[in-house]
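Reading the structure
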Amino acid sequence: MTHALALPRRALVASLLAAALPLMAQTATPATDILRVGFMPGPYRDAFRIGIEPQLKRQGYEVQYVEFSQGVQPNDAVERGQIHANIFQHSVYLEASNQRQKFDLVPIVHVPTPPMGLYSKRWKSLAEVPDGATVTVPSDPVNTARALRILEAAGWLTLKPGVDAASVSERDLASNPKKLKIVPLDAAQAPRSLDDADLAAIQGNFAVAYGLKLTESLKLEAMTLPYVNVVAVKRSQQNAKFAKDIVAAYQSPQFQQAFEANPVWKGYRLPDYFKPSSVATAKP
């Protein structure tokens, strides 16, 4: 016989749950912050996965990787709030993208960057390259300028004084004594052009993604700071916690140790927050 004062079954369950909730709240795992980061093909995702993600996971982040195939896409995704940050570009390209697309993105930290280089399947040295050689270069003006500077450093052409890096093209050549045939094409296609062209000026990330070694380049660019790649976020979020945590992770001794322990990354231009001895040994 049921006691008259006994709680109905549903009321009893509700009472037990109410009593347990405070204890559950004390022992529950904190909510995970999802961090979506965009990449183009290349080494930046691997460096992030190995040296940055473990630090962020310890702080409660879940990192989601988003891959893109064209240069404007990662910036558009950050601008629209589809991802929090991207890692694929240098500050000069970022500024040009802001101007052209009316984005408002900012760099928050430099990352180790493989330099652009001249590669060839036909020739083993610069001395072997004949006059009239075909050279493919990235079609976007900022990286066209980088490629032409490498050719200029090789003594094969000269650029007009004061050319604008954001709009330079082969029309800005002051001289071309080697009679090079300059062929612009999408930067991601540059490695494949090695089957047809004498030379290709290939951005470091695409060279690495294609399996080329920096040491195989006939000539690497003397990479200066504006062309060292960055982590980019929306200006309104540059002081957000996730942005500060990314910066701290890149600038940590743990990241430097993880990066320098991998021989695949030898030859990269390292950011200034790396130890001076490391920067000195990593210059191309």
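Residue indices follow the written sequence of each chain, beginning from 1 at its first position. Totals for whole chains, interfaces and linings use every residue, but because this is a predicted model, local features are given only for residues with pLDDT of at least 70 and side-chain atom pairs only at 80 or more, for both listing and counting. Only heavy atoms go into the side-chain values, all of them from the structure, while hydrogens and water stay out.

1. Points about the overall build of the protein chain
Runs of E in the DSSP output that reach at least two residues are strands. Runs of H or I that reach at least four are helices, and both are numbered from the N terminus. Helix and strand counts for the protein chain come out as nine helices and 12 strands. Only protein chains enter the area calculation, which uses a 1.4 Å probe; residues under 20% of their type maximum are buried, those over 50% are exposed, and those in between are partly exposed. Burial status across the protein chain gives 45% buried among its 284 residues. Should any heavy atoms of two residues lie within 4.5 Å, those residues are considered in contact. In the protein chain, once contacts between residues fewer than 6 apart in sequence are set aside, the share between residues at least 24 apart is 72%. For accessible areas, the Shrake-Rupley method is used with a probe of radius 1.4 Å. Any residue's cover is judged against the shown protein chains and nothing else. When the accessible area of the protein chain is evaluated, it comes to approximately 14700 Å², of which 54% is carbon and sulfur surface.

2. Quick look at the sheet that holds strand β12 (residues 229-234)
In space, the five strands of this open sheet follow the order β2-β1-β3-β12-β4, with mixed pairing throughout. Here the strands that pair on one side only, and so sit at the sheet edges, are β2 (61-67) and β4 (105-110). Here the strands of the sheet are splayed against their neighbours by 35° on average, with no regard to which way each runs. Two strands pair under a simple rule: DSSP has to find at least two bridges between them. Pairing analysis gives seven bridges linking strand β1 (residues 33-39) to β2, with the strands arranged parallel. Across the sheet, the residue bridging to Gly 38 is Val 66, located in β2. Here an axis means a line fitted to C-alpha atoms, over the contact stretch when the element is a helix, while the angle between two N-to-C directions is reported on a 0 to 180 degree scale. Packing against the sheet, helix α4 (residues 91-101) makes contact with β3 (85-90), β4 and β12, and its axis sits at approximately 110° to β3.

3. A closer look at the nonpolar core
Throughout this description, the term nonpolar core refers to a set of buried Ala, Val, Leu, Ile, Met, Phe, Trp, Tyr and Cys residues connected via side-chain atoms within 4.5 Å. In terms of nonpolar packing, the biggest core is built from 53 residues, with Phe 48, Ile 87, Ile 202, Val 231 and Tyr 250 touching the most fellow members. Per-element accounting of this core gives the leading share, six residues, to helix α7 (residues 241-250). Ala 147, Leu 148, Leu 151 and Leu 199 belong to the second-largest nonpolar core, a separate cluster that totals 22 residues.

4. Some points on the packing of helix α2 (residues 44-58) against α7
Taken N-terminus to C-terminus, the directions of α2 and α7 make an angle of 125°; their axes are 9 Å apart at the nearest point. Judged on the interaxial angle alone, α7 and α2 are oblique. Regarding α2 and α7, the two cross each other, and that crossing is right-handed. From α2, Phe 48, Ile 52, Gln 55 and Leu 56 reach across to α7, where they touch Asp 245, Ile 246, Ala 249 and Tyr 250. Along the lines of polarity and charge, the residues of the contact of α2 with α7 split into six nonpolar, one polar and one charged. For classification purposes, angles smaller than 35 degrees are called roughly parallel, those larger than 145 roughly antiparallel, those between 65 and 115 roughly perpendicular, and all remaining angles oblique. Two helices that cross are described as forming a left-handed crossing if the nearer one is turned anticlockwise from the farther one by less than a right angle, and a right-handed crossing if clockwise. Under this grouping Gly is polar, as are all residues other than the nonpolar Ala, Val, Leu, Ile, Met, Phe, Trp, Tyr, Cys and Pro and the charged Asp, Glu, Lys and Arg.

5. Focus: the confidence of the model for the protein chain
Values of pLDDT, the confidence the predictor places in each residue, fall between 0 and 100. Per-residue confidence for the protein chain gives a mean pLDDT of 86, with 86% of residues at or over 70. Across residues 1-31 the pLDDT falls below 50, and counting only partners more than four positions away or on other chains, this stretch makes two contacts in the model. Confidence drops under pLDDT 50 across residues 277-284; counting only partners more than four residues distant or on other chains, this segment forms 14 contacts.

6. Here we look at the layout of surface pockets
Only protein atoms enter the 1 Å grid, on which a cavity is a set of points fitting a 1.4 Å probe that cannot get out and a pocket is an open set with protein on both sides within 12 Å along at least 5 of 7 lines, lining residues being those with an atom within 4 Å of a point. Grid points are joined across faces, edges and corners, and a volume is the space filled by probe spheres set on the points. Taken as a whole, the largest pocket holds about 380 Å³ of empty space. Taken together, 25 residues make up the lining of the largest pocket; nearest its centre are Gly 71, Tyr 93, Asp 140, Ala 187 and Gln 203. Of all the elements in the fold, those that place two or more residues in the lining of the largest pocket are β3, α5 (141-153) and α6 (204-209). Of the residues assigned to the lining of the largest pocket, the class counts are 10 nonpolar, 12 polar and three charged.

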